[in-house]
Amino acid sequence: MMLCLCLGFSLSAQAKLVHLLPKPQSVAVTENAAPFMLSGNVTVAYADGAARCELLEEVFTNAGCALVPAGGKAVNVSLVKSIDGAHDYALHGYENEAYTLEITGSEINITAVTNTGVIRAAQTLTQLAEGWEGTPALEALTMRDWPAFKLRGYMHDGGRSFISSDELVKQ
């Protein structure tokens, strides 16, 4: 019975990681570690020049957590000059989006090169929190991620659906 529960938890954690979009550059799941429960009080601390990120704070408030200035489960955000192994190149108007995410049962550490990286980490946390039955949680893991391409494209298939020129320009 216990083996079935452990196997079920392991498969559900892996399924969430497999379905992350876009796929992270590297992920290491911490086996047999307690997840970070998205309940109770959470303290988000910004250091090293990191700006307040409303999207990050919404991840926790949308899950039912209360944001408190001190004394809650720690979410630490800091900026660094570079992320080891992250590929980056200069492109005017596009910041470095590299970040690392370390989740344990009691804290989350987000390290990014720019505030855009913090936003990307928040979007990843949102995806990781989806699909839990009962109280949402985040698997204990270490992740490093950055985009494969800074400039992304958009394609509209005019043969399948028609939209006006104004709408196309807006998109």
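Keep in mind that this is a model prediction, so the values were computed, not measured.

Quick look at the overall build of the protein chain
Line of reasoning, step 1. Helix and strand counts for the protein chain come out as four helices and nine strands.
Line of reasoning, step 2. Going from the N terminus to the C terminus, the protein chain shows its helices and strands as α-β-β-β-α-β-β-β-β-α-β-β-α.
Line of reasoning, step 3. Across its three principal directions, the C-alpha atoms of the protein chain cover 55 × 40 × 30 Å.
Line of reasoning, step 4. In the protein chain, the share of contacts with a sequence separation of at least 24, taken over all contacts with a separation of at least 6, comes to 73%.
Line of reasoning, step 5. Surface accessibility of the protein chain: about 10500 Å² in total, with carbon and sulfur atoms responsible for 57%.

Concerning the packing of aromatic side chains
Line of reasoning, step 1. Scanning the entire structure with this criterion turns up one aromatic pair.
Line of reasoning, step 2. Over the face of the ring belonging to Phe36 we find Lys73, whose NZ or CZ atom lies 5.2 Å from the ring centre.
Line of reasoning, step 3. Looking at Lys150, its charged tip hangs above the ring of Tyr89, at a distance of 5.6 Å from the centre.

Considerations on the pattern of salt bridges
Line of reasoning, step 1. Summed over all chains, the structure comprises four salt bridges.
Line of reasoning, step 2. Here Arg52 ties to Glu57 by a salt bridge, and the two come within 2.8 Å at their closest N and O atoms.
Line of reasoning, step 3. What makes Arg52 exposed here is its relative accessible area of 56%.
Line of reasoning, step 4. Between Glu97 and Arg120 there is a salt bridge whose closest N-O contact spans 2.8 Å. In this pair, Glu97 is assigned in the loop between β5 (73-79) and β6 (99-103) and Arg120 in helix α3 (residues 115-129), connecting sequence segments 23 residues apart.
Line of reasoning, step 5. Residue class for Arg120 comes out partly exposed when judged on its relative accessible area of 28%.
Line of reasoning, step 6. Taken together, the shared-partner salt bridges in this structure form one network comprising Arg52, Glu54 and Glu57.

Remarks on the nonpolar core
Line of reasoning, step 1. Formed by 30 residues in total, the largest nonpolar core has its most connected members in Leu56, Phe60, Ile108 and Leu125.
Line of reasoning, step 2. Put simply, the parts of the chain that give this core at least two residues each are β3 (41-47), α2 (54-62), β5, β6, β7 (107-112), α3 and β9 (141-145).
Line of reasoning, step 3. With sequence-adjacent residues up to four places away left out, Leu56 is seen in contact with Val44, Tyr46, Val75, Val77, Ile110, Val118, Ala122 and Leu125.

Considerations on the pairing of β9
Line of reasoning, step 1. Side-chain alternation along β9 places Leu141, Met143 and Asp145 on a buried face and Thr142 and Arg144 on a face that remains uncovered.
Line of reasoning, step 2. Of the strand pairs in this sheet, strand β1 (residues 26-29) and β9 are connected by four bridges, and their pairing is antiparallel. Among the inter-strand pairings, Val29 is bridged to a residue of β9, identified as Leu141.
Line of reasoning, step 3. Note that β6 and β9 share five bridges and pair antiparallel.

What counts, and at which threshold
- Residues numbered from 1 in each chain as written.
- Predicted model: local features only at pLDDT ≥ 70, side-chain atom pairs only at ≥ 80, totals over all residues.
- Heavy atoms only, no water.
- Helix = DSSP H or I, 4+ residues; strand = E, 2+ residues; numbered from the N terminus.
- Contact = heavy atoms within 4.5 Å.
- Areas by Shrake-Rupley, 256 points an atom, 1.4 Å probe, with all protein chains shown as cover.
- Phe/Tyr/Trp six-rings, centres within 6.5 Å; stacked < 30°, edge-to-face > 60°.
- Lys NZ or Arg CZ within 6 Å of the ring centre and 35° of its normal.
- Salt bridge = Lys/Arg side-chain N within 4 Å of Asp/Glu carboxyl O.
- Buried < 20%, exposed > 50% of the residue type's maximum accessible area, 1.4 Å probe, protein only.
- Core = buried A, V, L, I, M, F, W, Y, C linked by side-chain atoms within 4.5 Å.
- Pairing = 2+ DSSP bridges.

Shape descriptors only; they carry no functional weight alone.
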